[in-house]
Amino acid sequence: MTLTEIDAPHRAVVGRKIWHYDVVESTNDTLKETLAPELPEGLVVWADRQAAGRGRHGRAWASPAGGLYFSILLRPKAAHAQLLGLFLGLPLVQALRHFGVLAGLKWPNDAVYQERKIAGILSEGVYRSEVYHVIVGIGVNTNVDVDRLPPDVREHATSLKREVRMYVANEEFLDYFLGKADELYSRYLNTPVPILMKDYRGQCLTIGRRVAVETPKGTITGRGYDITAEGALVVVDEGGAKREIVDGTVQHLA
Ligand code: BTN
């Protein structure tokens, strides 16, 4: 395992320092294992490959060479792990668009293009030494051959390589993303959450769509109606009732 340190003092918080590894098990876990009060907020752990990349709900995140895998350490003003996971979908979509993919967000924070997933976010809240930390892990299928992803993933996945047919260096994508994420985080620190939630709603493709949402209490089918101020998805189910969903996996239906 090799480590290179990159400093970017022009940024305010997010990405001022980057630890770049060739391979780790999971960048979220590397950050979690090294968590200490002296680690600077905004630290990014980036790896070229992950041996045990993790997705939401205990799923695996295929992390072959070519993709972009990184985690950001934040110490927000409240226990906002899930909210920051939603909000960081905004710079993610900005970066994907900048590099040519007109992606949007499927609630809560999958970046999708034409119903295929191109990036995902796993945001975890951790208390350490009585301080609340958030680790926001982001995986982007940049230069990934979709055909080489595991069979169950490949039919619902896409990559920059597949859509843009042009090589985008991971450094370049990460640099652009971190610039936008740094701006977003400053806004988060200075703006009431409901205002940012409006921006999130504007990028969320799930609103207005027919959906099936797998929740811990069963599947809810209906139409995406709204996102609450706290980031929950509101679905109007087939009986016409409004159901608020805090955690689940959404499928956009035709
Ligand atoms: C999901 O859509 O299920 C979330 C995927 C998150 C993957 C990223 S890759 C970098 C970081 N490290 C991990 O192990 N997972 C996240």
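Residues numbered from 1 in each chain as written. Predicted model: local features only at pLDDT ≥ 70, side-chain atom pairs only at ≥ 80, totals over all residues. Heavy atoms only, no water.

Colleague: Can you explain the sheet that holds strand E7 (residues 116–128)? Please cite residues and give values.
Modeller: Strand order in the open sheet made by the 8 strands is E1-E2-E3-E4-E8-E7-E6-E5, with mixed pairing throughout. The open sheet has two edge strands, strand E1 (3–7) and strand E5 (104–106), and neither has a second partner. Here the strands of the sheet are splayed against their neighbours by 25° on average, with no regard to which way each runs. Summarising the sheet, strand E6 (residues 110–113) and E7 pair through 3 bridges and their orientation is antiparallel. Each bridged residue has a counterpart across the sheet, and for Tyr113 the counterpart in E7 is Arg116. Sheet strands in contact with helix H1 (residues 27–34) are strand E2 (17–24), strand E3 (44–50), strand E4 (68–74), E7 and strand E8 (131–140), and its direction is about 30° off that of E4. Here helix H6 (residues 170–190) sits on the sheet and contacts E2, E3, E4 and E8; the angle it forms with E4, its principal contact strand, is near 25°. (Pairing = 2+ DSSP bridges. Helix = DSSP H or I, 4+ residues; strand = E, 2+ residues; numbered from the N terminus. Axes fitted to C-alpha atoms, helices over the stretch in contact; angles between N-to-C directions. Contact = heavy atoms within 4.5 Å.)

Colleague: Just give me the short version of the nonpolar core, but keep the residues and values in it.
Modeller: Grouped together as the largest cluster of nonpolar side chains are 57 residues, with contacts concentrated most on Phe87, Phe173 and Phe177. With 8 residues, H6 is the largest single contributor of residues to this core. Not counting chain neighbours up to four residues away, the residues in contact with Phe173 comprise Leu68, Ala95, Leu96, Phe99, Val140, Thr142, Leu160 and Val168. (Core = buried A, V, L, I, M, F, W, Y, C linked by side-chain atoms within 4.5 Å. Buried < 20%, exposed > 50% of the residue type's maximum accessible area, 1.4 Å probe, protein only.)

Colleague: Give me the lowdown on the pattern of salt bridges, citing residues and values where you can.
Modeller: Here the structure, examined in full by the defined rule, presents 16 salt bridges. For Asp110, the salt bridge is made with Lys117, and the minimal N-O distance between the two is 3.0 Å. Using a relative accessible area of 9% as the deciding quantity, one classes Asp110 as buried. The shortest N-O distance in the salt bridge between Asp226 and Arg201 comes to 2.9 Å. Linking Asp226 in strand E10 (residues 218–227) with Arg201 in helix H7 (residues 193–203), this pair joins segments that are 25 residues apart in sequence. Classification of Asp226 by relative accessible area gives partly exposed; the value is 26%. Several salt bridges share partner residues, and in doing so they unite Asp29, Lys32, Arg54 and Glu124 into one network. (Salt bridge = Lys/Arg side-chain N within 4 Å of Asp/Glu carboxyl O.)

Colleague: Give a description of the site of the ligand that names residues and reports values.
Modeller: The full set close to the ligand counts 19 residues, and Ser26, Gln50, Arg54, Arg56 and Lys117 are the nearest of them. One of the side-chain N or O atoms of Thr27 is found 3.1 Å from a nitrogen atom in the ligand. Arg54 is positioned with one of its backbone polar atoms (N or O) 2.7 Å from a nitrogen atom of the ligand. When isolated, the ligand has an accessible area of 420 Å², and the protein chains bury 98% of it. Sorting the residues of the shell around the ligand by element identifies H1, E4, E7 and E8 as the ones contributing at least two each. If one sorts the elements of the shell around the ligand by residue count, E7 sits on top with 4 residues. The residue inventory of the shell around the ligand, partitioned by class, reads 5 nonpolar, 10 polar and 4 charged. (Near = heavy atom within 4 Å. Polar contact = N/O pair within 3.5 Å; in protein donor to acceptor, adjacent residues only side chain to side chain. Areas by Shrake-Rupley, 256 points an atom, 1.4 Å probe, with all protein chains shown as cover. Nonpolar A, V, L, I, M, F, W, Y, C, P; charged D, E, K, R; others polar.)

Colleague: Give a description of the sheet that holds strand E11 (residues 233–237) that names residues and reports values.
Modeller: Ordered in space as E12-E11-E10-E9-E13, the 5 strands form an open sheet in which the pairing is antiparallel. A strand with exactly one partner marks an edge of an open sheet, and here the two such strands are strand E12 (242–245) and strand E13 (249–252). In this sheet, neighbouring strand axes are inclined to one another by 45° on average, regardless of whether the strands run parallel or antiparallel. Here E10 runs beside E11; their pairing, made up of 5 bridges, is antiparallel. Counterpart to Asp226 in the pairing with E11 is Val234.

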